[in-house]
Amino acid sequence: MNWYNVGKIVNTHGIRGEVRVISRTDFPEERYAEGNRLGLFMPGSSKPVILTVASHRVHKNFDLLSFEGHPNINDVEKYRDGILKVSEEDLGELEEGEYYYHEIVGCTVFAEDGREIGEVTEVISTGANDVWAVKDSAGKMHYIPFIDDVVLEVAPEEKRIVIDPIEGLLS
């Protein structure tokens, strides 16, 4: 089964078993909903600890979670630095024109004229729009904004993206 990153536990919060999470999901309300199951992957471990969300709230820049069967700080201290992931079967359907990061990373980017630009190595969330980091065959990085004027076609099932490289984009 494939697992996808939704957040990292960076610390505990208070004494009642809450943890501070730096979220890596666009859907925190859905991923951290009460009763949802998440896989916790600790550094150096390939097998997840399955946790069920008991509560979720936002405090400052963190998502605060508690888990069923973990009522105090002593139960969750060991989870610090763990990565929370959602299983592939729990991924929801997205709207037309929306993609999960794992669908984009690894795609080959082509210019409108068929010229190969490179491969997407990372998706950077900037707030206004995502930016795709694309490494060409010479190792040079290009940063492609995910906007309609630039990205013409996305076919994740074919691992293919077609762009209109506006002036100065690839220099």
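Structure's up top.
Residues numbered from 1 in each chain as written. Predicted model: local features only at pLDDT ≥ 70, side-chain atom pairs only at ≥ 80, totals over all residues. Heavy atoms only, no water.

S.K.: What exactly am I supposed to notice about the nonpolar core here?
M.R.: Across soluble globular proteins, nonpolar side chains have a tendency to be buried as a group. In terms of nonpolar packing, the biggest core is built from 18 residues, with Ile-9, Val-19, Val-21, Leu-38, Leu-65, Phe-67 and Leu-84 touching the most fellow members. Elements supplying a minimum of two residues to this core: strand S1 (3-13), strand S2 (18-23), strand S3 (37-41), strand S4 (49-59), strand S5 (62-67) and strand S6 (83-87). With three residues, the top contributor of residues to this core is S1. (Core = buried A, V, L, I, M, F, W, Y, C linked by side-chain atoms within 4.5 Å. Buried < 20%, exposed > 50% of the residue type's maximum accessible area, 1.4 Å probe, protein only. Helix = DSSP H or I, 4+ residues; strand = E, 2+ residues; numbered from the N terminus.)

S.K.: Explain the sheet that holds strand S9 (residues 130-135) here, please?
M.R.: Within a beta sheet, neighbouring strands are joined by backbone hydrogen bonds and run either parallel or antiparallel to one another. Reading across from one edge, S10-S9-S8-S7-S12-S11 is the order of the six strands in this open sheet, with mixed pairing throughout. Each of the sheet's edge strands pairs with one partner strand only, and the pair in question is strand S10 (141-145) and strand S11 (151-155). The mean inter-strand angle of the sheet, taken between neighbouring strand axes irrespective of direction, is 35°. Strand direction decides the pairing type here: strand S8 (residues 116-125) and S9, joined by six bridges, are antiparallel. Its bridge partner being in S9, Val-123 is matched across the sheet by Trp-132. (Pairing = 2+ DSSP bridges. Axes fitted to C-alpha atoms, helices over the stretch in contact; angles between N-to-C directions.)

S.K.: What exactly am I supposed to notice about the packing of aromatic side chains here?
M.R.: Centre-to-centre distance and the angle between the planes together describe a pair of aromatic rings. The final tally for this structure, using the stated rule, is three aromatic pairs. Note on Tyr-99 and Phe-146: the rings are 6.3 Å apart at their centroids and 65° apart in plane angle, and the pair reads as edge-to-face. With Tyr-99 in the loop between S6 and helix H3 (101-104) and Phe-146 in the loop between S10 and S11, this residue pair connects regions lying 47 residues apart in the sequence. Overall, Phe-146 belongs to the partly exposed group, its relative accessible area being 27%. Taken together through their ring pairs, the aromatic side chains of Tyr-99, Trp-132 and Phe-146 make up a single cluster. Over the ring of Phe-62 we find Arg-20, and its NZ or CZ is 5.4 Å from the ring centre. Above the ring of Phe-41, the side-chain terminus of Lys-85 is found at 5.0 Å from the ring centroid. (Phe/Tyr/Trp six-rings, centres within 6.5 Å; stacked < 30°, edge-to-face > 60°. Lys NZ or Arg CZ within 6 Å of the ring centre and 35° of its normal.)

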